[in-house]
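# Observations on chain architecture
Spelled out from the first residue to the last, the chains are:
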Amino acid sequence: MRTEQPKMIYLKDYQAPDYLIDETHLTFELFEDHSLVHAQLVMRRNPERGAGLPPLVLDGQQLELLSVNLADQPLTDADYQLTDSHLTVQPKSETFTLDTTVKIHPETNTALEGLYKSSGMFCTQCEAEGFRKITYYLDRPDVMSVFTTTVIAEQHSYPVLLSNGNPIASGPGEDGRHWATWEDPFKKPAYLFALVAGDLWCVEDSFTTMTNREVALRIYVEPENIDKCQHAMTSLKKSMRWDEETYGREYDLDIFMIVAVNDFNMGAMENKGLNIFNSSAVLARAETATDAAHQRVEAIVAHEYFHNWSGNRVTCRDWFQLSLKEGFTVFRDSGFSADMNSATVKRIQDVAYLRTHQFAEDAGPMAHAVRPDSFIEISNFYTLTVYEKGSEVVGMIHTLLGAEGFRKGSDLYFDRHDGQAVTCDDFIKAMEDANGADLSQFKRWYSQAGTPRLAVSEAYDAAAKTYSLTFRQSCPPTPDKVEKLPFVIPVALGLLDGQGAGIALRLTGEATAGDTSRVISVTEAEQTFTFVDIAEKPLPSLLRGFSAPVKLSFPYSRDQLMFLMQHDSDGFNRWDAGQQLAVQVLQELIGQHQAGQPLKLDQRLIDALRTVLSDERLDQAMV
Ligand code: SER
Ligand code: ZN
């Protein structure tokens, strides 16, 4: 029985590791009733942590330790301490090697964490803390190492032997066994380690990168699924091109592989060079899969591929920073899907999902910040808040800095931190430095949970020809905090005249009028913006494209909602106006029904729908 109490871990207690692992050499001997893992770690004292040689405490769970050598000397039981979760040894020098051999049982591992078997194949899932179930290690993302992996298994049942990086050697072994060695030249944390051994077929293709390097692409599946991989392969090539064009990010290894696995806890996992997917996120055939299923595969393939830069080349310092890689990568895959399909429909889908699920999380007992301050179990934090709200937060930075400014910031972030394990603060700092911007107040989005409310009211002064919008923001209490400080809320907006055309916008104090759509930043609890030269009372289109993850309220009448649905240049707000109008009409019908009256459908909803349906210039997917 485990008697230890679950321990709360705090962000404020973060300390850099005492030791670093420069090289990790692994050899796996896979058998039907057990597996052996030999690990040679080339280690050194972390110079950041000062002088002296503290004990080396390695993580390890459910491992049977068969041998341990420190600096080539075998250790006896008296030379180390072993518990359920740690192996502790005492280094004698600043640099040393540590060799261990452990026995593990992938064949009975039903937690699907660490090394396990699924439908006769061996595979791994190490994020967040699964690697400690494979071997003794410093299983934390800020320990980045170069990995070499040799896999040895019976040839007939496991003809395919894969790991991260590039294949460097392979050959036959004894007793019908064979082996393959993989080398990953890029430093990575252990959570990105992967191994696959099985009887798999693959679809092959290749991609020529922006600097004319040829990359082999392979998607491995069980033989019966070989005809369902083409869409994932096409999606992969589109993702690789898009990341070059949109973010200037080139793929780095000679080979990129995806493996489909039937038993998998998450959608997919971005292991370096060897993504492992739940089969449902890879397989699709035009004849049998829906459009939505195709788009899901495309989005997940892209998401995992994009992690190669946002997550792998630049990784997280600790698990509190999970949104650093996940929020940013969700933002990146949303941008990709928007470019591949209808941008408006993609935005509508993302916002509908956020409002339905993440807003509910934010309003409930599990509400937590995008970057939590504490956790007991990191596996519980792969949440809608970390992923989807995290993506909205990155999206707001994009909105505030503009596409070019954002790209400058992301270039600086990748250049500055390539090969490092960093924090959300480092991401923000790169965005600030590249743009000369101050995002200090904006950072509250990372630390305050809850969905802000934004109530908007208007005032038109016909004599002065001014139109004022007053914004009041508030945020309900959440378990972490009762009192919230004001957020920076970017509000994209436009003002429509009586014909539905956008009015060129000029705020008091500005010399000239600008575009008909602009972004204003609401930074105070209550703030008024006054537009000048407004000849008639306009109709505001607020929070265009859902420019911030807030609950907006404005007292629109049904006529106004109909008008927005018919005329707003912003597709998202047209849809949103349509939703609000339809809900009001439905509520009215329900009232009529309850009062025993005949049902009378509001003609305005029909007219608005007719306008949209008959306008062939509009994005047809949005229509
Ligand atoms: N890191 C994985 C992903 O988000 C976990 O699901 O892709
Ligand atoms: Zn991810």
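Any two of four tetrahedral donors ideally make an angle of 109.5 degrees at the metal, while pairs among six octahedral donors ideally make 90 or 180 degrees. Coordination of the zinc ion (ligand 2) by the protein comes from His303 (NE2), His307 (NE2), Glu326 (OE) and Glu326 (OE), over a distance range of 1.9 to 2.8 Å. Every donor counted, the six donor atoms about the zinc ion (ligand 2) form angles of 47 to 160° at the centre, which fits irregular coordination.

Turning to the site of ligand 1, a few remarks are in order. Taken together, Glu127, Met266, Ala268, Met269, Glu270, His303, Glu304, His307, Lys325, Glu326 and Tyr387 make up the full set of residues near ligand 1. Contact distances for ligand 1 include 3.5 Å between an oxygen atom and a backbone N or O atom of alanine 268. The separation between a nitrogen atom of ligand 1 and a polar side-chain atom of lysine 325 is 3.3 Å. Out of a free accessible area of 230 Å², ligand 1 has 93% covered by protein chains. Every element with two or more residues in the shell around ligand 1 is listed here: β20 (268-269), α2 (291-306) and α3 (322-340). Among the residues forming the shell around ligand 1, the class breakdown is four nonpolar, two polar and five charged.

Below, the discussion takes up the sheet that holds strand β17 (residues 201-208). One open sheet holds the five strands; their spatial order is β17-β18-β19-β21-β20, and the pairing between them is mixed. Strands at the two margins of the open sheet, each flanked by one partner only, are β17 and β20. Bridging between β17 and strand β18 (residues 214-221) involves eight bridges; their strand directions are antiparallel. Residue pairing for β18: phenylalanine 207 is matched across the bridge by valine 215. Across the sheet, helix α1 (residues 230-247) touches β17, β18 and β19 (255-261), and the angle it forms with β17 is around 25°. Docked against the sheet, α2 engages β19, β20 and β21 (274-278), running at close to 150° with respect to β21.

Take the pairing of strand β10 (residues 114-118) next. Taken across its five residues, β10 has four buried, putting it largely inside the fold. Here five bridges tie β10 to strand β11 (residues 121-125), and the two strands are oriented antiparallel to one another. Bridging across to β11, glycine 114 finds its partner in glutamine 125. With antiparallel pairing between neighbouring strands as the criterion, β10 and β11 make up a hairpin whose turn holds two residues, including serine 119 at a positive phi of roughly 45°.

Turning to the side chain of threonine 101, a few remarks are in order. Assignment of secondary structure puts threonine 101 in strand β9 (residues 95-104). Excluding anything up to four places from it in sequence, threonine 101 contacts Val37, His38, Glu64, Leu65, Leu66 and Ser67.

Moving on, we come to the sheet that holds strand β8 (residues 86-89). What links the strands of a sheet is backbone hydrogen bonding, and the strands pair in either a parallel or an antiparallel sense. If you trace the three strands from one edge of the open sheet to the other, you get β4-β8-β7, paired in antiparallel fashion. Because the sheet does not close on itself, it has two edges, and the strands there are β4 (56-59) and β7 (81-82). The sheet contact formed by β7 and β8 spans two bridges and is antiparallel. Directly across from leucine 82, in β8, lies its bridge partner leucine 87.

The rules behind each value
Residues numbered from 1 in each chain as written. Chains lettered and ligands numbered in written order. Predicted model: local features only at pLDDT ≥ 70, side-chain atom pairs only at ≥ 80, totals over all residues. Heavy atoms only, no water. Donors = N, O, S within 2.8 Å, 3.2 Å for Na, K, Ca; no water. Tetrahedral: all angles 85-135°; square planar, octahedral: opposite > 155°, others 65-115°. Near = heavy atom within 4 Å. Polar contact = N/O pair within 3.5 Å; in protein donor to acceptor, adjacent residues only side chain to side chain. Areas by Shrake-Rupley, 256 points an atom, 1.4 Å probe, with all protein chains shown as cover. Helix = DSSP H or I, 4+ residues; strand = E, 2+ residues; numbered from the N terminus. Nonpolar A, V, L, I, M, F, W, Y, C, P; charged D, E, K, R; others polar. Pairing = 2+ DSSP bridges. Contact = heavy atoms within 4.5 Å. Axes fitted to C-alpha atoms, helices over the stretch in contact; angles between N-to-C directions. Buried < 20%, exposed > 50% of the residue type's maximum accessible area, 1.4 Å probe, protein only.

Everything listed here is a matter of geometry and, on its own, says nothing about what the molecule does.
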